[in-house]
Amino acid sequence: MAENRTDPSGNTEAFRAYAHPAEPEAPAGASRTPLLVGAAAVAVVLVALLAWRALS
């Protein structure tokens, strides 16, 4: 009975693929930078408005 299994030591490329399998890339999550910049801008505007109201 013939085996249909490929020997990974048959060639260098197959052995490297067998010895060091490629790890799946992590899915890129949405960047939170725009959210943080927006929140900081809103905070600055609110502080400026509160200071303006307090001084007038």
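Predicted model, so just to flag it, every value in this text is computed and none were measured.

Participant: So what's going on with the overall build of the chain? Which residues, and what values?
Facilitator: If you tally the helices and strands in the chain, you get two helices and zero strands. Residues classed as buried in the chain amount to 2% of the 56 residues present. Carbon and sulfur atoms make up 64% of the accessible area of the chain, which amounts to about 5,800 Å² in all.

Participant: Describe a nonpolar patch on the surface, listing the residues and the values that go with them.
Facilitator: Judged by side-chain polarity, Val42, Val45, Leu46, Leu49 and Trp52 come together as a nonpolar surface patch covering roughly 520 Å² of accessible area. Along the chain, Val42 falls in helix α2 (residues 33-55).

About the criteria used
- One numbering rule holds for all chains: residues counted from 1, following each sequence as written.
- Whole-chain, interface and lining totals are the exception, using all residues; otherwise, since this is a predicted model, local features are given only for residues with pLDDT of at least 70 and side-chain atom pairs are given and counted only at 80 or more.
- Only hydrogens and water are set aside when side-chain values are computed; all heavy atoms of the structure are taken into account.
- Strands here are runs of E lasting at least two residues and helices are runs of H or I lasting at least four, both read from the DSSP assignment and numbered beginning at the N terminus.
- Note on classification: 1.4 Å probe, protein chains only; a residue is buried when its accessible area is under 20% of the maximum for its type, exposed when over 50%, partly exposed between these limits.
- Note on areas: these come from Shrake-Rupley sampling with a 1.4 Å probe, and a residue is covered only by the protein chains present in the view.
- Patch members must show over 30% relative accessible area and no salt bridge, and they are joined within 9 Å when carrying like charges or within 5 Å when they are nonpolar side chains of Val, Leu, Ile, Met, Phe, Trp or Tyr.
- Just to be clear on terms, a salt bridge is a Lys or Arg side-chain nitrogen sitting within 4 Å of an Asp or Glu carboxyl oxygen.

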